[in-house]
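# Structural overview for review
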Amino acid sequence: METIAVYWEPRIKTYGFQRINDLALIEFSYSLTDIKHLGEIFLKDDFKILRPKFIISHVLHHEISFIVCLPLKEGKYFNTSLEKASSAALCKYIHPVSILFFHGPHFGDRYGIADATFSSLSKVGVNILASGCSSASVFLVLATHDMDKAEKALNETFEVAK
């Protein structure tokens, strides 16, 4: 006999909300057949020096796509590097953006966290530009002008643990 445990609380607890401001979002894609060129761009720009704050990627239809958030100055520099690379398909360059992120107890043990997050932001008209989740953390990339409204909505949805 197998036992399955699910943690549930009426109002999801979080340790609070943190912000990273003054960022640029860059979204681009590369053909998997040209992955070597992408590696050269990352090495040339010494990507870790650019101080990425958020990176998410996925592969679909023989392309690898990235969404990267960098500080504004570094974002402009990296965007220029991508524009010079003929094989990069630059989809978006958005600035300024901010990241709102939060962690919570038992986030890895319960369901409904993403639904609560996305529903509460949708109700107040906040557009999520990108998002990522790990077992205990949620990261939201938002237009900077939506940050206060987003944090207020999330504070009403989640309980900040004391």
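Keep in mind it's a predicted model, so treat the numbers as computed, not measured.

Basis of the calculations
- Residues numbered from 1 in each chain as written.
- Predicted model: local features only at pLDDT ≥ 70, side-chain atom pairs only at ≥ 80, totals over all residues.
- Heavy atoms only, no water.
- Helix = DSSP H or I, 4+ residues; strand = E, 2+ residues; numbered from the N terminus.
- Buried < 20%, exposed > 50% of the residue type's maximum accessible area, 1.4 Å probe, protein only.
- Contact = heavy atoms within 4.5 Å.
- Areas by Shrake-Rupley, 256 points an atom, 1.4 Å probe, with all protein chains shown as cover.
- Patch = residues over 30% accessible without salt bridge, like charges linked within 9 Å, V, L, I, M, F, W, Y side chains within 5 Å.
- Salt bridge = Lys/Arg side-chain N within 4 Å of Asp/Glu carboxyl O.
- Axes fitted to C-alpha atoms, helices over the stretch in contact; angles between N-to-C directions.
- Parallel < 35°, antiparallel > 145°, perpendicular 65-115°, else oblique.
- Left-handed = near helix turned anticlockwise from the far one by under 90°.
- Nonpolar A, V, L, I, M, F, W, Y, C, P; charged D, E, K, R; others polar.
- Pairing = 2+ DSSP bridges.
- Phe/Tyr/Trp six-rings, centres within 6.5 Å; stacked < 30°, edge-to-face > 60°.

## Describing the overall build of the protein chain
Helices and strands together make up the secondary structure of the protein chain, namely four helices and eight strands. Considering only C-alpha atoms, the protein chain reaches an extent of 50 × 45 × 25 Å along its principal axes. Taken across its 162 residues, the protein chain has 41% of its residues classed as buried. Sequence separation of at least 24 residues holds for 77% of the intrachain contacts in the protein chain that already meet a minimum separation of 6. Carbon and sulfur atoms make up 57% of the accessible area of the protein chain, which amounts to about 9400 Å² in all.

## Regarding a nonpolar patch on the surface
The grouping of L32, I35 and V59 at the surface amounts to a nonpolar patch, some 230 Å² of accessible area in total. Here I35 is to be found in helix α1 (residues 35–44). In this structure I35 comes out as partly exposed when scored by relative accessible area, which is 39%.

## A word on the packing of helix α3 (residues 113–123) against helix α4 (residues 147–157)
Running from N to C, α3 and α4 cross one another at 130 degrees; their axes reach a closest spacing of 9 Å. For the element pair α3 / α4, the angle class is oblique. For the crossing formed where α3 meets α4, the hand is right-handed. Side by side, α3 and α4 meet where A116, T117, S120 and L121 of the first sit next to A150, A153, L154 and T157 of the second. Residue composition of the contact of α3 with α4, grouped by class: five nonpolar, three polar and no charged.

## Quick look at the pairing of strand β4 (residues 63–71)
The side chains of a regular strand alternate, residue by residue, between the two faces of the sheet. The element β4 is largely enclosed, with a buried count of eight among its nine residues. The antiparallel hairpin formed by strand β3 (residues 54–60) and β4 contains two residues in its connecting segment, where H61 sits at a positive phi of about 50 degrees.

## Concerning the packing of aromatic side chains
Using the criterion set out here, one finds six aromatic pairs in the structure. Between F101 and F139, the aromatic rings sit 5.5 Å apart at their centres with planes inclined by 20 degrees, giving stacked as the arrangement. Separated by 38 residues along the polypeptide, F101 in strand β5 (residues 89–103) and F139 in strand β7 (residues 137–143) bring together distant segments of the chain. A connected cluster of aromatic rings, assembled from ring pairs, spans F17, F102 and F158.

## Observations regarding the pattern of salt bridges
Applying the stated criterion across every chain yields a total of five salt bridges. Here E151 makes a salt bridge to R19, at a shortest N to O gap of 2.8 Å. Separated by 132 residues along the polypeptide, E151 in helix α4 and R19 in strand β2 (residues 17–31) bring together distant segments of the chain. Classification of E151 by relative accessible area gives buried; the value is 19%. For the salt bridge of R51 with E74, the shortest nitrogen-to-oxygen distance reads 2.8 Å. Here the residue R51 occupies a position in the loop between α1 and β3, and E74 occupies one in helix α2 (residues 72–84), the gap between them amounting to 23 residues. In this structure E74 comes out as buried when scored by relative accessible area, which is 16%. Linked by salt bridges that have partners in common, R19, D148 and E151 make up one network.

So far we have only geometry, and geometry alone does not tell us how the molecule works.
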